[in-house]
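One-letter residues, chain by chain:
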Amino acid sequence: MEKPFNKTSRMKQLKTIRYTGMGIFLLGLLIFTITPFLGEIQVTDEIINANLSENEYANLKEPLAEISKQTYNTGAGFGSDFKRVFNEVNERLKANEEWGKVMWTPSSDTALKLVMSANKGVVASNQLLFFLLTFGLCILGSLVYILTDLKIKGPPGIKNDGIYHDSATNRGWVGMLAFGWLFFFYIILYFYPYIIADTITLTQPIKSWFVEDEVPSKWFLYGLMYTVTMLVMGVRMIIKYRHNKYQIVRTITVVLFQLIFAFLLVEILPTFGLPGKDLKNAWPLDYQFLFDWNVQDLLANGQFGKFVFVWGISLSVIVVPVMVYFYGKRWYCSWVCGCGGLAETLGDPYRQLSSKKMWSWKLERWMIHLVLVFAVLMTVFVGYHTWNVFQNPEMENKEILFGFSAYDIRNYYSFLIGSVFAGVIGTGFYPILGNRAWCRFGCPLAAYMGIVQRFKSRFRITTNGGQCISCGNCSTYCEQGIDVRAYAQKGQNIVRASCVGCGVCSAVCPRGVLKLENGPEDGRFGNEGPIVLGNQGFELKDN
Ligand code: SF4
Ligand code: SF4
């Protein structure tokens, strides 16, 4: 038998290793965070000429002369000067109604291109080293921290692990720091990417695996971070839920979908001259599907492009509803989708923060369906515009339909829903709103699948009420804010539009009360009919 002394000292060693892992991760994160301050940017006339269109170059050559004499240490410094000049010129052109000369490409994108080409700082000169010092250290540190859990947290199974006493997971100061980092990262990524030009540059060694010397874009940095995060946090998820086969298989599947379809194929297909599309991204989540440039791109890319176009339509119109009928929306939200995959891996420590209040159920129903209506209307406008572009390729972008500009509507949707809601709020707010705020309140595809799941599906979670000890684990860990315990106490089946079938309620139940099942539609609500949100709150509705 092992002596207690040895056991204690081994635990101390493990904890030391664990905190060393945390230290390594934080060091990598710190270096990642300061990379934008290590630039050396001097934009010459040749660089401006090489990166700008003929029209942009003609407009900006002289006004940029002053800026190109200066050396900047940060992309932020260059970008703000560049945008000032760019906007002054553009405003003048608009005031003079010289529409042919107006520059429509966003100034942030043009500033990023220039900084990427002109940067000669320490990061740009040592890309591989900085890749290892950032991505490498973060991956190593996280894995060390996560793997020690195997020993420190003891045998498999969910325990009361103090999530509400830990400032990282109870909206305490560590959680607020994580929120601040994520929030600012998303704001910069979407709206001021030139600030992180050095950070984008350090992914060049990986980008070169796919296309040698092609400059990585901000979306390559994001895709790489996203995929690596899911892989590392997927290991954590598997270790945490290793007592539950459903969680192990589901986690491996969703991580592989991200790695293969959302990252590798998107990078590899263009090397064969094919469109780099994420084939699992279904409308209306893929709100750009009917944008004129996307349709033109697909139809101009031979048989494969046409296949992707037809597949995109079939996926949304046939595959999605049929699969939801048989398996519920879990097949997509918890097994395939990248947003769901990040929520289930990176977001898992925050799942208990989703509100279970009645008002949040009411809010969720209004918000998600309004976003769906917005997505449908936007698509009608954009589809009509795209159709007209095919009839008349010279068509003006500013086409008006029923008094609205299709171009403006798509820009509003892209900004409000695509960037602010799905990106900044959807992921940035994990440490505050829980891990599925986007899926629960904003995703139009989840709303569409939710309607099918609620009214025409074989999926339900059955509850063996007699076994329930009302511990509340299931409700605590439900990321969609469903009060699972209330159903279990009544012995009612759970049939809710918002349930993403993650199965964690079932995995954390100590009594095996909850089972995710697909069965005949008849009787899926159980004996007493569905539980609905009535005027008085949570109530039973007769079958
Ligand atoms: S009810 Fe269960 S399966 Fe559905 S979302 Fe909540 S935790 Fe996941
Ligand atoms: S269903 Fe399971 S986890 Fe939920 S309250 Fe009952 S015993 Fe606890």
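Up top is the structure.
One structure accompanies this document, and this report is about it. (Residues numbered from 1 in each chain as written. Chains lettered and ligands numbered in written order. Predicted model: local features only at pLDDT ≥ 70, side-chain atom pairs only at ≥ 80, totals over all residues. Heavy atoms only, no water.)

**With respect to the nonpolar core**
Counting residues in each nonpolar core, the largest one holds 64 residues, and the members touching the most others are Leu60, Phe78 and Phe135. Top element by residues in this core is helix H11 (residues 218-240). It accounts for eleven residues. Leaving out residues up to four positions away in the same chain, Phe135 has contacts with Phe32, Leu202, Thr203, Leu221, Leu224, Met225 and Val228. Counting residues in hydrophobic clusters, the runner-up holds 43 residues, among them Val320, Met378, Ala406 and Cys439. (Core = buried A, V, L, I, M, F, W, Y, C linked by side-chain atoms within 4.5 Å. Buried < 20%, exposed > 50% of the residue type's maximum accessible area, 1.4 Å probe, protein only. Helix = DSSP H or I, 4+ residues; strand = E, 2+ residues; numbered from the N terminus. Contact = heavy atoms within 4.5 Å.)

**Quick word on the site of ligand 1**
Around ligand 1, the neighbouring residues are Ile461, Cys478, Gln480, Ile482, Val484, Cys499, Val500, Gly501, Cys502, Gly503 and Cys505. By residue class, the composition of the shell around ligand 1 is eight nonpolar, three polar and no charged. (Near = heavy atom within 4 Å. Nonpolar A, V, L, I, M, F, W, Y, C, P; charged D, E, K, R; others polar.)

**A closer look at the site of ligand 2**
In the region of ligand 2, 14 residues are neighbours, and Cys468, Cys471, Gly472, Cys474 and Cys509 sit closest. Those elements that place two or more of their residues in the shell around ligand 2 are helix H22 (473-477) and helix H23 (484-490). Residue classes in the shell around ligand 2 are distributed as nine nonpolar, three polar and two charged.

**Regarding the packing of helix H14 (residues 302-327) against helix H21 (residues 444-455)**
With their axes 9 Å apart at the nearest point, H14 and H21 run at an angle of 50 degrees to one another. One way to sum up the angle between H14 and H21 is to call them oblique. H21 is crossed by H14, and the crossing has right-handed handedness. Touching Ser316, Val317, Val320, Pro321, Val324 and Tyr325 of H14 are Leu445, Tyr448, Met449, Val452 and Gln453, all from H21. Residue composition of the contact of H14 with H21, grouped by class: nine nonpolar, two polar and no charged. (Axes fitted to C-alpha atoms, helices over the stretch in contact; angles between N-to-C directions. Parallel < 35°, antiparallel > 145°, perpendicular 65-115°, else oblique. Left-handed = near helix turned anticlockwise from the far one by under 90°.)

**Some thoughts on the pattern of salt bridges**
This model, assessed by the stated rule, comprises 19 salt bridges. Note that Glu344 and Arg351 form a salt bridge whose closest N and O atoms lie 2.7 Å from each other. One exposure class covers both Glu344 and Arg351, and it is buried. Its salt-bridge partner being Arg436, residue Glu479 comes within 3.3 Å of it at the nearest N-O pair. With Glu479 in the loop between H22 and H23 and Arg436 in the loop between helix H19 (430-433) and helix H20 (437-441), the pair connects residues that are 43 residues apart, well separated along the chain. Neither residue differs from the other here; Glu479 and Arg436 are each classed as buried. (Salt bridge = Lys/Arg side-chain N within 4 Å of Asp/Glu carboxyl O.)

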